[in-house]
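Take a look at the letters that make up each chain.
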Amino acid sequence: MRLLVCGGAGFIGSTFVRQRVREFGDEVVVLDKLTYAGREENLKDVADDPGFRFVHGAIEDARAVAAAMEGSRPVEAVVNFAAETHVDRSIAEPDAFVKTHALGTYVLLEAARERSVRYVQVSTDEVYGSIEEGSFTEESPLRPSSPYSATKTGADLLVQSYFHTFGLEALICRGSNNYGPYQYPEKLIPLMILNALHGDALPVYGDGMQVRNWIHATDFARAIGHVLEHGEPGEVYNAGGPDECPNMEVVRRIVQYAGAEESLIEHVTDRPGHDRRYSLSSQKARALGWEPRVRFAEGLEQTVAWYRANRWWWEPIRSGDYRAYYERQYGRALA
Ligand code: NAD
Ligand code: TYD
């Protein structure tokens with residue numbers, strides 16, 4: 001298949017592109033704005049593949065989208081990963097979230113409609129809000145609580161409207177919290193790994209008993225590919241990981257795998273409006289033939305090993321603007 005992958009230079013997008021090119025033999029065009037989170041280095045394994053093309057541009061820019069979709073061989077489907085993805089940044093500066101998720105998704109949907117190509121929107125369990133017990137299904141009400149999740153919800157509703165109103169072959173795949181190689185170290189797991197490896201403090205928000213449903217990025221990428229190939233237009237598919245874990249336990253395991261000291265753990269002020277627990281039921285995606293392959297304990301240990309072995313990847317981040325971001329967010333300098 002010939003795919004346009006928007007946001008393909010980010011964490012999950014690049015995992016998906018690597019998988020589609022190497023395992024499925026797809027031709028891929030990546031359209032990416034290269035925000036702080038997007039890096040061409042993430043695509044270096046496929047950059048020389050004859051079927052691969054990179055276009056630097058934003059999804060809210062209709063001309064960039066047209067240039068990416070047309071080329072010498074027009075694409076047959078669009079998969080949209082492009083997003084601002086960090087809840088804390090959406091609390092500090094929501095504007096880019098509104099622009100990319102609302103306007104960007106609209107421009108992409110129009111381009112897909114004009115060319116009658118299949119469209120998959122990559123979404124999140126955060127659109128359902130927090131759940132104390134049990135798991136969210138695709139029928140659960142949408143109750144987002146942060147500017148990140150609220151704007152992602154808006155994008156999902158717009159996608160559904162293009163199916164209902166215009167008959168666009170649009171599908172949505174909602175994942176739970178992802179982890180694995182190439183994740184930007186503002187998110188819990190890579191942040192704690194790099195801080196633990198450097199002997200920096202490990203900032204746990206509030207009591208640290210918030211629960212997340214962890215999925216390895218290769219499993220989520222496979223779910224999105226599966227929905228793209230086998231999903232029913234107009235439908236939503238949840239893709240949750242096989243394990244749930246409270247943040248404190250995640251951090252303790254990272255300390256252990258990194259060979260650091262538990263005394264580095266520090267409880268800091270809680271995130272405003274912090275969702276207590278996320279949990280997804282993936283029965284519908286499983287009925288379609290997908291299931292996650294990586295258990296959390298094994299995946300987390302491998303992820304710690306990857307960060308330990310791939311200094312080339314994170315060194316430029318930790319020595320760049322990220323230092324200033326970290327100081328603003330946590331009120332302390334990195335080692
Ligand atoms: P990321 O922050 O690592 O990457 C986002 C990518 O999108 C970057 O390459 C960035 O440059 C690009 N981008 C941002 N704005 C853009 C724009 N306007 N035009 C073009 N490109 C733009 O994010 P990620 O963790 O890989 O998440 C990818 C998708 O998966 C997002 O839609 C996110 O909501 C969803 N998701 C993420 C998680 C998670 O735990 N990380 C879980 C479920 C769903
Ligand atoms: P995060 O990786 O930002 O993902 P999300 O907010 O989308 O679930 O955070 C995961 C959990 O870890 C969340 O409960 C917030 C918490 N957290 C901390 O305790 N300390 C941190 O420094 C960060 C970044 C997150």
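Residues numbered from 1 in each chain as written. Chains lettered and ligands numbered in written order. Predicted model: local features only at pLDDT ≥ 70, side-chain atom pairs only at ≥ 80, totals over all residues. Heavy atoms only, no water.

Let us now look at the environment of Val 98. Tracing the chain through its elements places Val 98 in helix α4 (residues 95–115). Residues Val 98 and Pro 50, spaced 48 residues apart in sequence, show a C-alpha to C-alpha distance of 35 Å. (Helix = DSSP H or I, 4+ residues; strand = E, 2+ residues; numbered from the N terminus.)

Attention now moves to the site of ligand 2. The full set close to ligand 2 counts 19 residues, and Glu 126, Arg 212, Arg 271, His 274 and Tyr 330 are the nearest of them. A distance of 2.8 Å separates an oxygen atom of ligand 2 from a polar backbone atom of Leu 188. At 2.9 Å, a side-chain N or O of Asn 247 approaches an oxygen atom of ligand 2. If ligand 2 stood free it would expose 510 Å²; the protein chains cover 97% of that surface. Across the shell around ligand 2, the residue classes tally to nine nonpolar, five polar and five charged. Split by domain, the residues of the shell around ligand 2 number at least three in each of domain 1 (2–178 + 216–239) and domain 2 (183–212 + 243–277 + 299–330). (Near = heavy atom within 4 Å. Polar contact = N/O pair within 3.5 Å; in protein donor to acceptor, adjacent residues only side chain to side chain. Areas by Shrake-Rupley, 256 points an atom, 1.4 Å probe, with all protein chains shown as cover. Nonpolar A, V, L, I, M, F, W, Y, C, P; charged D, E, K, R; others polar. Domains from an automatic or database assignment.)

Turning our attention to the domain arrangement of the protein. Once the domains are mapped, the protein shows domain 1 (2–178 + 216–239) and domain 2 (183–212 + 243–277 + 299–330). On a C-alpha basis, the centroid separation for the pair domain 1 and domain 2 is 25 Å. Opposite the 23 residues of domain 1 that make contact, domain 2 presents 20 residues. Buried surface at the junction of domain 1 and domain 2, summed over both partners, amounts to about 1,900 Å²; 45% is from carbon and sulfur atoms. Per-residue buried area on domain 1 facing domain 2 is highest for Arg 39, His 86 and Asp 88; these three make up 26% of the total on that side. Counting every contact that joins domain 1 to domain 2 gives two salt bridges. Here Arg 271 makes a salt bridge to Asp 88, at a shortest N to O gap of 2.7 Å. The tally of links from domain 1 across to domain 2 stands at 16 residue pairs in polar contact (both at pLDDT 80 or more). A total of four residues in the side of domain 1 that touches domain 2 trace back to one element, the largest contributor, which is helix α3 (residues 87–92). Per-class residue counts for the side of domain 1 that touches domain 2 are six nonpolar, 10 polar and seven charged. (Contact = heavy atoms within 4.5 Å. Buried area = accessible area lost by both parts, 1.4 Å probe. Salt bridge = Lys/Arg side-chain N within 4 Å of Asp/Glu carboxyl O.)

For the pair helix α8 (residues 247–258) and helix α10 (residues 296–309), the least separation of the axes is 10 Å and the interaxial angle reads 50°. By the angle class used here, α8 and α10 are oblique. Note that α8 runs across α10; the crossing there is right-handed. Here α8 contributes Val 250, Arg 253, Ile 254, Tyr 257 and Ala 258 to the contact with α10, which in turn contributes Phe 296, Ala 297, Leu 300, Glu 301, Val 304 and Arg 308. (Axes fitted to C-alpha atoms, helices over the stretch in contact; angles between N-to-C directions. Parallel < 35°, antiparallel > 145°, perpendicular 65-115°, else oblique. Left-handed = near helix turned anticlockwise from the far one by under 90°.)

Moving on, we come to the packing of aromatic side chains. Under the counting rule described, the total for this entry stands at 18 aromatic pairs. An angle of 40° between the planes, with centres 4.6 Å apart, marks the rings of Tyr 326 and Tyr 330 as tilted. Taken together, the residues span about one helical turn, with Tyr 326 and Tyr 330 both in helix α12 (residues 322–330) at a distance of four residues. What links up through ring pairs into an aromatic cluster is the set Tyr 36, Tyr 184, Tyr 205, Tyr 322, Tyr 325, Tyr 326 and Tyr 330. Across the ring face of Tyr 36, the terminal group of Arg 89 is positioned such that the distance to the ring centre comes to 3.7 Å. Sitting above the plane of the Tyr 325 ring, Arg 89 keeps its charged end 4.1 Å from the centroid. (Phe/Tyr/Trp six-rings, centres within 6.5 Å; stacked < 30°, edge-to-face > 60°. Lys NZ or Arg CZ within 6 Å of the ring centre and 35° of its normal.)

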